[in-house]
Amino acid sequence: MKLRYRILSVISTLVAIAIVSVAVALSRENPCPTTTPPSSDAATMNAITHRCYGPPDVLALERVAKP
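Residues numbered from 1 in each chain as written. Predicted model: local features only at pLDDT ≥ 70, side-chain atom pairs only at ≥ 80, totals over all residues. Heavy atoms only, no water.

## Considerations on the overall build of the protein
Helices and strands together make up the secondary structure of the protein, namely one helix and two strands. Computed over C-alpha atoms, the radius of gyration of the protein comes to 23 Å, more than 25% over the 11 Å expected from 2.2 N^0.38 for 67 residues, which places it beyond the range of a compact globule. Expressed along its principal axes, the backbone C-alpha trace of the protein runs to roughly 75 × 20 × 15 Å. Counting contacts in the protein only where the partners sit at least 6 residues apart, residues at least 24 apart contribute 12% of the total. In the form shown here, the protein has an accessible surface area of approximately 6000 Å², with 65% of it arising from carbon and sulfur atoms. Both charge centroids of the protein, one from 7 positive and one from 4 negative side chains, sit 22 Å from each other. (Helix = DSSP H or I, 4+ residues; strand = E, 2+ residues; numbered from the N terminus. Rg over C-alpha atoms; globule rule 2.2 N^0.38 Å. Contact = heavy atoms within 4.5 Å. Areas by Shrake-Rupley, 256 points an atom, 1.4 Å probe, with all protein chains shown as cover. Lys, Arg positive; Asp, Glu negative; His and termini not counted. Charge placed at Lys NZ, Arg CZ, Asp CG, Glu CD.)

What follows is the structure, encoded as structure tokens:
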């Protein structure tokens, strides 16, 4: 009986690890969020923005409202 429970616990642990790794992999593939451009009467400036996780390629030069 103890061997059966040990095998079931190992299998359930492996299934849980597989589910967590799939969830992490899917969460990394979300597209970067888009922003609304500032209104035409607002003072703007150029800024390098980082909107999502990833390599340096995700950095973008955008026109944003001055803080």
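## Brief notes about the pattern of salt bridges
A full pass over the atoms with the stated rule returns one salt bridge. Glu62 is the partner of Arg51 in a salt bridge, and the nearest nitrogen-oxygen pair spans 3.0 Å. Of this pair, Arg51 sits in the loop between β1 (44-50) and β2 (59-65) while Glu62 sits in strand β2, placing them eleven residues apart in sequence. On the basis of relative accessible area, Arg51 is assigned to the partly exposed category, the value being 35%. On the accessibility criterion, Glu62 (22% relative accessible area) is partly exposed. (Salt bridge = Lys/Arg side-chain N within 4 Å of Asp/Glu carboxyl O. Buried < 20%, exposed > 50% of the residue type's maximum accessible area, 1.4 Å probe, protein only.)

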